[in-house]
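Below are the chains, spelled out letter by letter.
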Amino acid sequence: MRKIKTIIVATRNEGKMNEFRQALKDLFEKIYFLPELPFFDDLKEDETSYVSNAMKKARKVGERFGIPSIADDSGLEVDFLGGRPGVTSSRYGKNDEERIGRLLTELEGLPWDERTAKFRAYLALYLPEPERYYVFYGDLKGIIGFEKRGEYGFGFDPVFFVPSIGKYLSELDTHEKNRISHRGKALMALKEFLRSL
Ligand code: IMP
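Presented here is a report on the structure given in the accompanying data block. As the structure is a computational prediction, the values presented were derived from the model and not from experiment. (Residues numbered from 1 in each chain as written. Predicted model: local features only at pLDDT ≥ 70, side-chain atom pairs only at ≥ 80, totals over all residues. Heavy atoms only, no water.)

## Some remarks on helix α1 (residues 14-24)
Of all the positions in α1, only G15, K16, M17, E19, F20, A23 and L24 are classed as buried. On the buried face of α1, the contacting elements are β1 (6-9), β2 (30-33), β3 (69-78), β4 (116-127), α4 (174-180) and α5 (182-196). The N-cap residue of α1 is N13: its side-chain oxygen and the backbone nitrogen of G15 are 2.8 Å apart. (Buried < 20%, exposed > 50% of the residue type's maximum accessible area, 1.4 Å probe, protein only. Helix = DSSP H or I, 4+ residues; strand = E, 2+ residues; numbered from the N terminus. Contact = heavy atoms within 4.5 Å. Polar contact = N/O pair within 3.5 Å; in protein donor to acceptor, adjacent residues only side chain to side chain.)

## Observations regarding the pattern of salt bridges
Across all of its chains, the model carries 15 salt bridges by this definition. Salt bridges sharing common partners tie together K16, E19, D72, D157, K177 and R183. (Salt bridge = Lys/Arg side-chain N within 4 Å of Asp/Glu carboxyl O.)

## Observations regarding the side chain of E77
Inspection of the secondary structure assignment puts E77 in strand β3. At 2.9 Å, the side chain of E77 and the side chain of R120 are in polar contact. For E77, the residues in contact, after removing those within four places along its chain, are Y50, G83, R84, G86, A117, K118 and R120.

## A look at the packing of aromatic side chains
Under the definition given, this model contains 10 aromatic pairs. An angle of 55° between the planes, with centres 6.3 Å apart, marks the rings of Y92 and F156 as tilted. Of this pair, Y92 sits in the loop between β3 and α3 (96-106) while F156 sits in the loop between β5 (132-144) and β6 (160-162), and the two are 64 residues apart along the sequence. Relative to F160, the ring of F119 lies with its centre 4.5 Å away and its plane at 40°, an arrangement referred to as tilted. (Phe/Tyr/Trp six-rings, centres within 6.5 Å; stacked < 30°, edge-to-face > 60°.)

## Describing unusual backbone geometry
Of the consecutive residues R84 and P85, the connecting peptide bond is found in the cis state with omega at -5°. Following E129, the chain continues into P130 via a peptide bond in cis, with omega recorded as -5°. Inspection of the secondary structure puts P130 in the loop between β4 and β5. If you check the backbone angles, E129 has positive phi at about 45° while not being a glycine. When you line up the elements, E129 lands in the loop between β4 and β5. A relative accessible area of 76% means that E129 is categorised as exposed.

## Examining the site of the ligand
Taken together, 17 residues are adjacent to the ligand, and K16, E45, D157, K177 and R183 come closest. When the ligand is considered free in solution it has 490 Å² of accessible area, and contact with the protein chains removes 95% of it. Listed by contribution, the elements that provide at least two residues to the shell around the ligand are β3 and α5. Per-element tally for the shell around the ligand: the top contributor is β3, with four residues. Residues that form the shell around the ligand fall into these classes: three nonpolar, six polar and eight charged. (Near = heavy atom within 4 Å. Areas by Shrake-Rupley, 256 points an atom, 1.4 Å probe, with all protein chains shown as cover. Nonpolar A, V, L, I, M, F, W, Y, C, P; charged D, E, K, R; others polar.)

## A closer look at the packing of α1 against α5
Two numbers describe how α1 lies on α5: the axes approach to 11 Å, and their chain directions differ by 35°. In terms of crossing hand, the pair formed by α1 and α5 is right-handed. For the pair α1 and α5, the contacting residues are K16, E19, F20, A23 and L24 in the first and R183, L187, L190 and K191 in the second. Among the residues forming the contact of α1 with α5, the class breakdown is five nonpolar, no polar and four charged. (Axes fitted to C-alpha atoms, helices over the stretch in contact; angles between N-to-C directions. Left-handed = near helix turned anticlockwise from the far one by under 90°.)

## Points about the pairing of β4
Among the 12 residues in β4, nine count as buried, and that is most of the element. Of the pairings in the sheet, the one linking β3 to β4 comprises 10 bridges and is antiparallel in character. Residue pairing in the sheet places G75 in a bridge with R120 of β4. Here β4 pairs with β5 via 12 bridges, running antiparallel. Across the sheet, the residue bridging to Y126 is Y133, located in β5. (Pairing = 2+ DSSP bridges.)

Next up, the structure:
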């Protein structure tokens, strides 16, 4: 297979764009993100699984422009909430502020050791002509804190404490987060695959 020089990352999420840019910058000559492209589909995540959401987003964008594309679908699964918000994490509230507020309210009064949670990320790589998909996975275990901390990251990062490093995700810069995070792990697997092509 020929080396891929140009790729589209099918996201408009600024936090994700930073992580993809940092992780993939050495691999491609050009990385496009959706805000730079004439692509106006809102890429609704209406499928019932992370994998099908990620594949659908990658396919829609890849088919539209006829070049390889990558899409991510991720979510936070909180044990006390039976795995919610999970695949519907982005619809758990209008914005990050509201999503975090709702989560802290749902866990109010719950002791530290019962606030366990996991981030999951699935990355779909779409290659055209002939059409192929490859899916990569990463996860990260943590604890939902009692209040917001830190200044980096996005989404639930300010309340996601990682016991293995003794820090909140929001206390890590993009490079540090990519080394341990769910998306970072999936990106490492994707990079290994792309290097093997
Ligand atoms: P989606 O993959 O665009 O559906 O986003 C899922 C939602 O999960 C995001 O809107 C965030 O609220 C949350 N999420 C996914 N990955 C992360 C992360 O790395 N940090 C914090 N929140 C995340």
